[in-house]
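# Residue-level structural notes
So the chains spell out like this:
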Protein chains: 2
Amino acid sequence: MAKGFDDLISKVNSCSTKTVSVAVAQDSAVLEAVKEAKEKNIANAILVGDEDKIREIAAEMNMDLSGFEIIDEKYNFQAALKAVSLVHEGKADMYMKGLIDTKSFLKSVLDKEVGLRNNRPLSHVCVFEVEGIDRLLFLSDVAFMTYPTLEDKASIIENTVEVCHACGITNPKVAPLAAVEVVNPKMPVTVEAAELTKMNEEGKITGCIVDGPLSMDLAIDPEAAVHKGTTDRKIAGDADVLIFPDIHAGNITYKTLVHTAHVKNGNIITGTKAPVILTSRSDDSQTKINSIAIASVMAEAMKNN
Amino acid sequence: MAKGFDDLISKVNSCSTKTVSVAVAQDSAVLEAVKEAKEKNIANAILVGDEDKIREIAAEMNMDLSGFEIIDEKYNFQAALKAVSLVHEGKADMYMKGLIDTKSFLKSVLDKEVGLRNNRPLSHVCVFEVEGIDRLLFLSDVAFMTYPTLEDKASIIENTVEVCHACGITNPKVAPLAAVEVVNPKMPVTVEAAELTKMNEEGKITGCIVDGPLSMDLAIDPEAAVHKGTTDRKIAGDADVLIFPDIHAGNITYKTLVHTAHVKNGNIITGTKAPVILTSRSDDSQTKINSIAIASVMAEAMKNN
């Protein structure tokens, strides 16, 4: 069971090396990440994009391209379609965004012919290692689904639990968060959290233990659970998965963690036939590598299922 | 200008000592806080409640009660009414919750005869000193208003800006937060944030600079503003005040800060005729003292207005 990114990378190193297909690879931050991922035996990469520009950028950063397959395609959306088709056809294991806008990238992910649709809603999972917390935390959705319905939240949980399983967390504890830990009919979020808990008890959401509504302290801090007398609940400060009311709560919390706490993190898009890596330009190189590592364990788990 | 709680406490020490009136004072954590507040010259206290129990608890914790006025009132709500009336009559400067449920305590705050109503909406302000951030952050509303309307948010800003002014921050920067930094009609929170900005530009919200919507990183981290090219905005990682979409986003962020980052914090209720201290049982003694310090600077500012 991976308790941090070092564990996760060890897990990746113990499996057959996966290959990431990069859409529009002429980007120094992305090339930096795939270079380091290769050096650390986390993943190989196929670089799809403008070959001249890829070689130019690689030369500027003293990157040796001899170990990488390069597919020349100057038009961005065509490059994305080519890159995603490699994953569709099984020639690569995961799909990564390069220098292309998010909308076009997602259009390629959802392409009916060569994309990675799976008849499930897509969601974003952000994985955090936080100083002082002895396990990985899986946050969703902090970047993709804006105002998830109850059904969307059930899908978000399923998508996220799959990532937990891939990381070796066999029965993750899932906390649908709210401002309070009790149901209040005036706060629909708490009613939905209780519904998700019931769906889990009734076997409609499986592979995990759902307990909500929970406030953030009672979800992540065992001492808070002792202090507030909630240690008899299924989750008592030991949640693995944090489900947010909406994108505002999720995104603000995500950025609070990144910009105030001591953390490592990475993130992927799930609900697709293969893991999709959609890092932001503001993510540092380490975050991109962590994201490739998460995608690799997911790809390994999907291969074995 | 107070940049941290040490500054804030120095500011308190330089003013005439204020007096806090405690409702139902027979509580060890509350007595611990008023004892330390007195020792550090932050505030005096009048203890209203069951005198026998107050003396018993004080004896157990070796607390010398000789410097404190005690008013014996065994019935909790009567004790609260007595305690709040002392503030109403100007015999004390601020009002603090002891061993009484929040609902009854707030009922005493809002009492028409002896309470602290001010014909304004009440809101909660949480003040944070965060490691790595060179100024105090004022968060609202993370505990009191559940789903504030646009008008409520304008009041929340006014209430919070008053606290900033009391702390010596003369023209605070106020960031209405969202998941994104641009207006998106599909996200009503972003539309409201832009409305608040406009109200500030039109002189309907004064004493501060409002700029929203802003994501959390662009509100608190100047490097993020450089990286994302938003340094030409009125706020570029240097916000003092963070306004949350709703109580879920606010409360989850607040507890994330407390339980994952290195912080000091304190909080008060504002919008009343005198500052109200409504700390939670889960707040540690330092948080309670910080809260008394914030209430003291507010009481000083209100005295001078």
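Before reading on, note that the structure itself is shown above.
Given the structure is predicted, the values throughout are model-derived calculations rather than measurements.

What follows is about the interface of chain A and chain B. Listed as interface residues are 38 residues of chain A and, on the opposing side, 38 residues of chain B. Approximately 2,900 Å² of surface area, both sides summed, lies buried where chain A meets chain B, with 68% of it carried by carbon and sulfur atoms. Linking chain A with chain B are 2 salt bridges, by the criterion used here. Close ionic contact of Lys255(B) with Asp217(A) constitutes a salt bridge, the shortest N to O distance being 3.8 Å. At the junction of chain A with chain B, the criterion picks out 6 residue pairs in polar contact (both at pLDDT 80 or more).

So, about the pairing of strand 1 (residues 18–23) of chain A. Residues and elements named next belong to chain A. With respect to burial, strand 1 is a largely interior element, 6 of its 6 residues being buried. Neither face of strand 1 is open: one carries Lys18, Val20 and Val22, the other Thr19, Ser21 and Ala23, and all of them are buried. One crossover worth recording links strand 1 to the parallel strand 2 (residues 43–49) by way of helix 2 (residues 28–39), and it is right-handed. Inspection of the sheet shows strand 1 paired to strand 4 (residues 94–97) by 4 bridges, in the parallel sense. When the sheet's bridge partners are listed, Val22 is paired in strand 4 with Met96.

This part takes up the relation of the copies chain A and chain B. The transformation that overlays chain A on chain B combines an axial shift of 0.0 Å with a rotation of 180°, and the residual RMSD is 0.0 Å. Taken together, the turn and the small shift mark the pair as related by a two-fold rotation axis. Comparing contact sets, 100% of the residues at the interface of chain A also lie at the interface in chain B, consistent with an isologous, same-surface contact.

The next thing to look at is the packing of helix 1 (residues 5–13) of chain A against helix 11 (residues 285–304) of chain A. Residue and element names in this part refer to chain A. Taken N-terminus to C-terminus, the directions of helix 1 and helix 11 make an angle of 50°; their axes are 9 Å apart at the nearest point. Our classification of the angle between helix 1 and helix 11 gives oblique. Relative to helix 11, helix 1 is oriented so that their crossing is left-handed. Contacts from Phe5, Leu8, Ile9, Lys11 and Val12 in helix 1 reach Asn290, Ala293, Ile294, Ser296 and Val297 in helix 11. Split by residue class, the contact of helix 1 with helix 11 holds 7 nonpolar, 2 polar and 1 charged.

Residue Asp141(A) is bonded to the preceding Ser140(A) through a cis peptide linkage, with omega at -5°. The residue Asp141(A) is located in the loop between strand 6 (136–140) and helix 6 (150–166) in this model. Residues other than glycine seldom take positive phi values, yet Asn62(B) does so here, at roughly 55°. As for its position among the elements, Asn62(B) is in the loop between helix 3 (51–60) and strand 3 (69–72). Located in the positive-phi region is Asn119(B), a residue other than glycine, with phi close to 60°. Relative accessible area serves as the criterion here: at 81%, Asn119(B) is assigned to the exposed category.

The next point concerns helix 4 (residues 76–88) of chain A. Residues and elements named next belong to chain A. Look at helix 4: 18 Å from first C-alpha to last across 13 residues, which is about the 18 Å you get at 1.5 Å a residue. In this fold, the buried residues of helix 4 make contact with strand 1, strand 2, strand 3 (69–72), strand 4 and helix 5 (102–109). Note on helix 4: the residue one or two positions beyond its end, Gly90, has a positive phi of about 85°.

Next up on the list: the packing of aromatic side chains. Remark: the centre distance and the inter-plane angle together describe each pair of aromatic rings, the angle taken between the planes. For the structure on display, the rule yields 4 aromatic pairs over all chains. Plain terms: the ring middles of Tyr95(A) and Phe105(A) are 4.7 Å apart, the flat faces sit at 20° to each other, and that makes the pair stacked. With Tyr95(A) in strand 4 and Phe105(A) in helix 5, this residue pair connects regions lying 10 residues apart in the sequence. Each of the two residues, Tyr95(A) as well as Phe105(A), counts as buried. Residues Phe128(B) and Tyr254(B) carry aromatic rings whose centres are separated by 5.9 Å and whose planes lie at 65° to one another, so their mutual orientation is edge-to-face. You can see Phe128(B) sitting in strand 5 (residues 123–130) and its partner Tyr254(B) sitting in helix 10 (residues 247–260), a full 126 residues away along the chain. Comparing Phe128(B) with Tyr254(B) shows no difference in burial state: the two are buried. Over the ring of Phe68(A) we find Lys38(A); its NZ or CZ atom is 5.6 Å from the centre of that ring. Above the ring of Phe77(A), the side-chain terminus of Lys107(A) is found at 5.0 Å from the ring centroid.

A water-sized probe rolled over the atoms picks out the places where empty space is left. All names here are of chain B. All chains considered together, the criterion is met by 4 cavities of 30 Å³ or more. Taken as a whole, the largest cavity spans an internal volume of roughly 50 Å³. Taken together, Lys153, Pro176, Leu177, Val189, Glu192, Ala193, Leu196, Ile243, Phe244 and Pro245 make up the lining of the largest cavity. When its residues are assigned to classes, the lining of the largest cavity shows 8 nonpolar, no polar and 2 charged.

A word on the environment of Tyr95(B). Residue and element names in this part refer to chain B. The exposure class of Tyr95 is buried, given its relative accessible area of 0%. Sequence separation between Tyr95 and Ala236 is 141 residues, and the spatial gap between their C-alpha atoms is 37 Å. In this structure the side chain of Tyr95 is engaged in a polar contact, spanning 2.6 Å, whose partner is the side chain of Ser108.

Further remarks concern the packing of helix 6 (residues 150–166) of chain B against helix 7 (residues 188–201) of chain B. Residue and element names in this part refer to chain B. Interaxial distance between helix 6 and helix 7 falls to 10 Å at its minimum, and their mutual angle equals 55°. In this view, helix 6 runs oblique relative to helix 7, as classed from their interaxial angle. Seen from above, helix 6 lies across helix 7 with right-handed handedness. Where helix 6 abuts helix 7, its residues Leu150, Lys153, Ala154 and Ile157 lie against Glu192, Glu195, Leu196 and Met199. Across the contact of helix 6 with helix 7, the residue classes break down as 5 nonpolar, no polar and 3 charged.

So, how was this worked out
- Residues numbered from 1 in each chain as written.
- Chains lettered and ligands numbered in written order.
- Predicted model: local features only at pLDDT ≥ 70, side-chain atom pairs only at ≥ 80, totals over all residues.
- Heavy atoms only, no water.
- Contact = heavy atoms within 4.5 Å.
- Buried area = accessible area lost by both parts, 1.4 Å probe.
- Salt bridge = Lys/Arg side-chain N within 4 Å of Asp/Glu carboxyl O.
- Polar contact = N/O pair within 3.5 Å; in protein donor to acceptor, adjacent residues only side chain to side chain.
- Buried < 20%, exposed > 50% of the residue type's maximum accessible area, 1.4 Å probe, protein only.
- Helix = DSSP H or I, 4+ residues; strand = E, 2+ residues; numbered from the N terminus.
- Right-handed = clockwise from strand over helix to strand, strands pointing away.
- Pairing = 2+ DSSP bridges.
- Least-squares fit on C-alpha atoms with pLDDT ≥ 70 in both.
- Axes fitted to C-alpha atoms, helices over the stretch in contact; angles between N-to-C directions.
- Parallel < 35°, antiparallel > 145°, perpendicular 65-115°, else oblique.
- Left-handed = near helix turned anticlockwise from the far one by under 90°.
- Nonpolar A, V, L, I, M, F, W, Y, C, P; charged D, E, K, R; others polar.
- Expected span 1.5 Å × (residues − 1).
- Phe/Tyr/Trp six-rings, centres within 6.5 Å; stacked < 30°, edge-to-face > 60°.
- Lys NZ or Arg CZ within 6 Å of the ring centre and 35° of its normal.
- 1 Å grid on protein atoms, 1.4 Å probe; cavity = no way out; pocket = protein on both sides within 12 Å on 5 of 7 lines; lining within 4 Å.
- Points joined across faces, edges and corners; volume = space filled by probe spheres on them.

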